[in-house]
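Remarks on the overall topology
In case you want the letters, here they are:
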Amino acid sequence: MSEIEVLGTFILVVCLLCIVLLWVFFRPQRKPRNASITRNQTVYAPHTQRHSVNSNNQLTGEAYGKLLRAAHGDRQQVELWIVEAQCNMPGYTRTEIIELLAKER
């Protein structure tokens, strides 16, 4: 073997070694099979996030129940309506605003 062939073989072996080392240190980590849902991805009670309200009489009152029915069970939408009305009508209490909104809708 000539010196060039030995040098070429040496360079090839060193390159392959570097590639293997890079692959070992930078390969993507696999998830454990038993941990399909991590703590940050857990969804708690998805059936309660949006649901229809059957009864007008809620724990917060009949007027709030009517608003919930108008919003198809979306409490966030109801609260948004209440906050907007409170900004537009500063002299009323929250209960009065809820009753006024229930009469409108």
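Residues numbered from 1 in each chain as written. Predicted model: local features only at pLDDT ≥ 70, side-chain atom pairs only at ≥ 80, totals over all residues. Heavy atoms only, no water.

Observations regarding the pattern of salt bridges
Selection criterion: Take a side-chain nitrogen of Lys or Arg and a carboxyl oxygen of Asp or Glu: if they are within 4 Å of each other, that pair is a salt bridge. Under the scheme used here, helices are H or I runs from DSSP no shorter than 4 residues and strands are E runs no shorter than 2 residues, and both carry numbers assigned from the N terminus. For the exposure calls, accessible area comes from a 1.4 Å probe over protein chains only, and a residue counts as buried if that area is under 20% of its type's maximum, exposed if over 50%, partly exposed in between.
Counted under the stated rule, the structure contains two salt bridges. Across the pair Glu 62 and Lys 66 runs a salt bridge, and its minimum N-O distance is 3.9 Å. Taken as a pair, Glu 62 and Lys 66 lie in helix α2 (residues 62–70) at a separation of four residues, close to a single helical turn. Salt-bridge contacts for Arg 94 lead to Glu 79; the nearest nitrogen and oxygen are separated by 2.9 Å. One end of the pair, Arg 94, is in helix α4 (residues 94–104); the other, Glu 79, is in helix α3 (residues 75–88), and 15 residues separate them in sequence. For Arg 94, a relative accessible area of 37% corresponds to the partly exposed category.

A word on the packing of α2 against α4
Helix packing for two helices is described by the angle between their axes and how far apart those axes are. Let me state the cut-off plainly: Angles run from 0 to 180 degrees between N-to-C directions of axes, and those axes are lines fitted to C-alpha atoms, restricted for helices to the stretch in contact. Angular relationships are summarised with four words: roughly parallel below 35 degrees, roughly antiparallel beyond 145, roughly perpendicular across 65 to 115, and oblique for the angles in between. Less than a right angle of anticlockwise turn of the near helix away from the far helix marks a crossing as left-handed, whereas a clockwise turn marks it as right-handed. Should any heavy atoms of two residues lie within 4.5 Å, those residues are considered in contact. All residues other than Ala, Val, Leu, Ile, Met, Phe, Trp, Tyr, Cys, Pro, Asp, Glu, Lys and Arg, Gly among them, are scored as polar; the first ten of these are nonpolar and the last four charged.
Relative to each other, α2 and α4 sit at 50°, their axes nearing to 8 Å. Between α2 and α4, the angle falls in the class oblique. In terms of crossing hand, the pair formed by α2 and α4 is left-handed. Packed against α2, whose contacting residues are Ala 63, Tyr 64, Lys 66 and Leu 67, the element α4 presents Arg 94, Ile 98, Glu 99, Leu 101 and Ala 102 at the interface. Residue composition of the contact of α2 with α4, by class: six nonpolar, no polar and three charged.

Limitation: the analysis is restricted to geometry and does not speak to function.
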